[in-house]
Amino acid sequence: MNKTIAIVEDDPSIAAVILRTLEEHGYLTEHYSSGSSFLTALRKKAPCLCLLDLGLPDIDGIGLLGSIKEIASIPVIILSGRHHPSDRIVGLELGADDYVVKPFDPREVVARIRTVLRRFDAATLAPDMQNSVATFSGWLFDPSALELTAPDGSATDLSSAEARLLQAFLEAPQRVLSRDFLLTKAGGQECFDRSIDVRMSRLRKKLQKGENIKGLIRTVYGAGYLLSCAVEWQSA
Ligand code: CA
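The shown structure was predicted, so the numbers you read here are calculated from the model rather than taken from an experiment.

Visitor: Sorry, what's going on with the pairing of strand E6 (residues 132–136) here?
Guide: Along any regular strand, the residues point their side chains to alternate faces of the sheet. Of all 5 residues that make up E6, 4 are buried, and the element is covered over most of its length. In this structure, E6 lies alongside strand E13 (residues 232–235), joined through 4 bridges in antiparallel fashion. If you follow Ala 134 over to E13, its bridge partner there is Trp 233. Alignment of E6 against strand E7 (residues 139–142), held across 3 bridges, turns out to be antiparallel. The residue bridging Ala 134 from the neighbouring strand is Phe 141, located in E7.

Quick look at the structure:
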């Protein structure tokens with residue numbers, strides 16, 4: 001599940017440091033040294049997140065931010081050498097998801113990326129269920145926190161891909177769900193792992209804590225999978 005991060009930055013030395021750090025942390029990277037080249041690429045395929053320098057040679061950064069948000073629904077973190085608080089406010093008002101002022105520690109940028117992606121994934125997971133939690137067979141799932149709590153009270157973080165999958169079952173308990181349905185329903189963005197079987201085994205591993213959990217998600221051979229217990233959704 002390597003996520004692609006685009007860096008739009010005209011200063012080659014700054015870009016090189018960020019690219020190296022992101023790659024060390026397992027991210028795939030794309031580098032653009034102008035706003036127009038990024039917009040062209042963005043119209044074809046969107047990365048999972050964009051790091052955007054506000055001081056680009058061709059397009060004003062704030063204007064570019066607006067164009068990005070019109071083209072694709074992706075989170076944007078602004079990289080800026082400007083220290084004026086008004087830039088920060090304008091950037092965040094125009095839809096930037098976070099803001100880092102140069103000079104920065106690249107590890108700090110990675111930490112911000114993780115936080116923003118996690119928040120973004122949770123928000124896009126199920127907007128209509130953001131304030132609901134599901135209980136099933138002693139377990140509790142909180143979609144807004146991507147958190148699964150076992151019957152013994154211990155909590156596990158789910159990846160957004162696992163959460164999408166679990167949510168598909170929790171919305172349709174005691175029904176057989178085909179692989180195709182799960183792919184469509186739980187596939188999410190293309191940067192997520194598309195293999196349902198791999199994701200199923202990860203999710204099942206996380207659901208193996210309770211003693212009553214054996215067979216909670218059953219394989220129905222030739223048909224798909226089924227959540228065998230009842231589910232109750234309630235306001236968080
Ligand atoms: Ca610049």
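Visitor: Even after reading the chapter, I still don't get the coordination of the calcium ion, so can you show me in this structure?
Guide: Angles between donor atoms at a metal ideally measure 109.5 degrees for a four-coordinate tetrahedral arrangement and either 90 or 180 degrees for a six-coordinate octahedral one. At 2.2 to 2.4 Å from the calcium ion lie its protein donor atoms, namely Asp 10 (OD), Asp 53 (OD) and Gly 55 (O). The sequence motif formed by the donor residues of the calcium ion is D-x42-D-x1-G. Remark: Asp 53 occurs in strand E3 (residues 49–53) and Asp 10 occurs in the loop between strand E1 (4–8) and helix H1 (12–24); sequence separation between them is 43 residues. A residue is classified by how much of its surface remains accessible, and Asp 53, at 3% relative accessible area, is buried.

Visitor: What is the right way to look at the packing of aromatic side chains in this model?
Guide: Aromatic rings in a pair are described by how distant their centres are and how their planes are angled relative to each other. Taken as a whole, this structure holds 2 aromatic pairs when the rule is applied. With a centroid separation of 5.2 Å and an interplanar angle of 55 degrees, the aromatic rings of Tyr 32 and Phe 38 are classed as tilted.

Visitor: Looking at this model, I keep getting lost on the environment of Ile 77. Mind explaining?
Guide: Counting through the fold element by element, Ile 77 comes out in strand E4 (residues 76–80). Separated by 39 residues in the primary sequence, Ile 77 and Val 116 have C-alpha atoms spaced 8.3 Å apart. Contacts of Ile 77, omitting those with residues within four sequence positions, involve Leu 49, Cys 50, Leu 51, Leu 52, Asp 98, Tyr 99, Val 100, Arg 112, Ile 113 and Val 116.

Visitor: Can you walk me through the packing of helix H2 (residues 35–44) against helix H3 (residues 61–71) in this structure?
Guide: Packed helices, taken two at a time, are described by the angle between their axes plus the distance between the axes. Between H2 and H3, whose axes approach to 10 Å, the crossing angle comes to 5 degrees. Judged by the inter-axis angle, H2 sits roughly parallel to H3. On the side of H2, the interface is formed by Gly 35, Phe 38, Leu 39, Leu 42 and Arg 43, while H3 contributes Leu 64, Ser 67, Ile 68 and Ile 71. Residues of the contact of H2 with H3, tallied by class, amount to 6 nonpolar, 2 polar and 1 charged.

Visitor: Could you clarify how one ought to interpret the sheet that holds E1 in this entry?
Guide: Read from one edge of the open sheet, 5 strands run E2-E1-E3-E4-E5, paired in parallel fashion. Taken across any chain shown, the strands that pair with only one partner, and hence form the sheet edges, are strand E2 (28–32) and strand E5 (98–101). With direction set aside, neighbouring strand axes in the sheet form an average angle of 20 degrees. In the sheet, E1 pairs with E2 via 5 bridges, with the strands oriented parallel. Paired with Val 8 across the strands is Tyr 32, a residue of E2. Its contacts with the sheet place H1 against E1, E2, E3 and E4, and it is angled at close to 165 degrees to E2. H3 rests against E1, E3 and E4 of the sheet, and its axis sits at about 165 degrees to E3.

Reading guide: rules and limits
Residues numbered from 1 in each chain as written. Predicted model: local features only at pLDDT ≥ 70, side-chain atom pairs only at ≥ 80, totals over all residues. Heavy atoms only, no water. Buried < 20%, exposed > 50% of the residue type's maximum accessible area, 1.4 Å probe, protein only. Helix = DSSP H or I, 4+ residues; strand = E, 2+ residues; numbered from the N terminus. Pairing = 2+ DSSP bridges. Donors = N, O, S within 2.8 Å, 3.2 Å for Na, K, Ca; no water. Phe/Tyr/Trp six-rings, centres within 6.5 Å; stacked < 30°, edge-to-face > 60°. Contact = heavy atoms within 4.5 Å. Axes fitted to C-alpha atoms, helices over the stretch in contact; angles between N-to-C directions. Parallel < 35°, antiparallel > 145°, perpendicular 65-115°, else oblique. Nonpolar A, V, L, I, M, F, W, Y, C, P; charged D, E, K, R; others polar.

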